[in-house]
Structures are given as C-alpha cells and as structure tokens.
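So the chains spell out like this:
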Amino acid sequence: MTLGPVEYVVLAFPGNKFTGKVAPALADIVEKGTIRIMDLAFVSKDADGNVLGFELTDLDQDEARAFDGLGGDGVDLISEEDLHAIGEELEPNSSAAMLVWENVWAKDFAEAVRKADGEVLDHDRIPHEVLQAATDWAAEANKEESVS
C-alpha cells in the first residue's frame, strides 16, 4: 500500500471551548482529497485535573454530527497512552483533539522519492507567527527599497 506522508497534530482548546467549529474546514480538505483522516481522538481535563480520553464514537449524537464523514479509517493509531500524555500536558479545564492524517496530495511524490532511494534529510513546519513576521519584514524592506 502506497502512502503519502503521515502527520499528526494536537489542537488544544483552553477553557474546554471545543465546539467543533474546525470540523467544516477539515471536512473540506478531506472532500477535496487533499488529506485522508487516519485517526481522530479527543482528550479533556476537568477543573480538578482528571483526564478523560475518548473517540468519536464516544461523543453524543449532537457533538459527533460536526464530524460526520471524518471518523478516520479505523486504523486506531492513537493509543490511550497518547491521550493520557496529552491530557497531562493540558491546563485544567481544557480539551484537545488529536488528528492523524495522510497527505494524499503528496502520495505520488513520496512514492517517487522512495523509488529513487531518496530519503527525507530534514523536515519541519514554520510556525505561522514566524512566517507572518518574515513576510511583514520582507514587505517593509521592499517598500523601503522602492522608495530609495
């Protein structure tokens, strides 16, 4: 089975303000075939510090409705230990979602690299704030250069 690169993210929602509002944007990139959800799970920490991990199937119908069609492919890559570790990092009265996905858009490229005996030497994400600061700086520098 050929896979594209697989990534994960943990999204924290302080104050247990997780409402599912991110689900439509996620559904959009799934429907477009950009990514494939492999696993999705949630964890919460109450005000007393008690941690509870749960899957989509554990949500009530109203909560789960926001995630229709995003349930993952049943691989169960996220373990109870993962959820517990995430929960330990959360502030009290917070929740988090953990998402594991395949970058379907990169599948053919990844396979070509593998067939060429290539390997990833380095890979990282540039945080949004860093990228924004760099583009703001570049725009300002270009403005000053145009004036000179």
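Report on the accompanying structure. Please read all numbers here as calculations on a predicted model, not as lab measurements. (Residues numbered from 1 in each chain as written. Predicted model: local features only at pLDDT ≥ 70, side-chain atom pairs only at ≥ 80, totals over all residues. Heavy atoms only, no water.)

1. Digging into the side chain of Ser 94
For the record, the criterion: The way it works is that DSSP assigns letters per residue, a run of H or I at least four long becomes a helix, a run of E at least two long becomes a strand, and they are numbered from the N terminus. Contact between two residues is taken to exist if any of their heavy atoms lie within 4.5 Å; hydrogens are not considered.
Inspection of the secondary structure puts Ser 94 in strand 4 (residues 94-102). Beyond its immediate chain neighbours, meaning those up to four positions away, Ser 94 contacts Phe 13, Pro 14, Gly 15, Asn 16, Ser 44 and Lys 45.

2. Section: the nonpolar core
We apply this condition: By nonpolar core we mean a set of buried residues, namely Ala, Val, Leu, Ile, Met, Phe, Trp, Tyr and Cys, connected to one another through side-chain atoms within 4.5 Å. When accessible area is computed with a 1.4 Å probe and restricted to protein chains, residues below 20% of their type maximum are described as buried, those above 50% as exposed, and intermediate ones as partly exposed.
Counting residues in hydrophobic clusters, the biggest one holds 16 residues, and the most contacted among them are Leu 40, Phe 42, Leu 59 and Phe 67. Dropping the residues within four chain positions of it, Phe 67 is found in contact with Phe 18, Gly 20, Ala 23, Leu 40, Phe 42, Leu 56 and Leu 59. Counting residues in each nonpolar core, the second largest holds 10 residues, with Ala 41, Val 43, Ile 86 and Ala 96 among its members.

3. Concerning the sheet that holds strand 3 (residues 51-55)
Where we set the bar: Criterion used throughout: strands pair if DSSP finds at least two bridges between them. Axis lines are fitted to C-alpha atoms, over the contacting stretch for helices. Their N-to-C directions set the angle, which ranges from 0 to 180 degrees.
With antiparallel pairing, the four strands of this open sheet are ordered in space as 1-4-2-3. Each edge of the sheet is formed by a strand with only one pairing partner; in this case those strands are strand 1 (6-14) and strand 3. Each strand axis lies, on average, 20° off the axis of its neighbour in the sheet, ignoring direction. The pairing of strand 2 (residues 36-45) with strand 4 spans nine bridges and is antiparallel. In the sheet register, Phe 42 faces strand 4, and the bridge partner there is Ala 97. Here helix 3 (residues 80-89) sits on the sheet and contacts strand 1, strand 2, strand 3 and strand 4; the angle it forms with strand 2, its principal contact strand, is near 45°.

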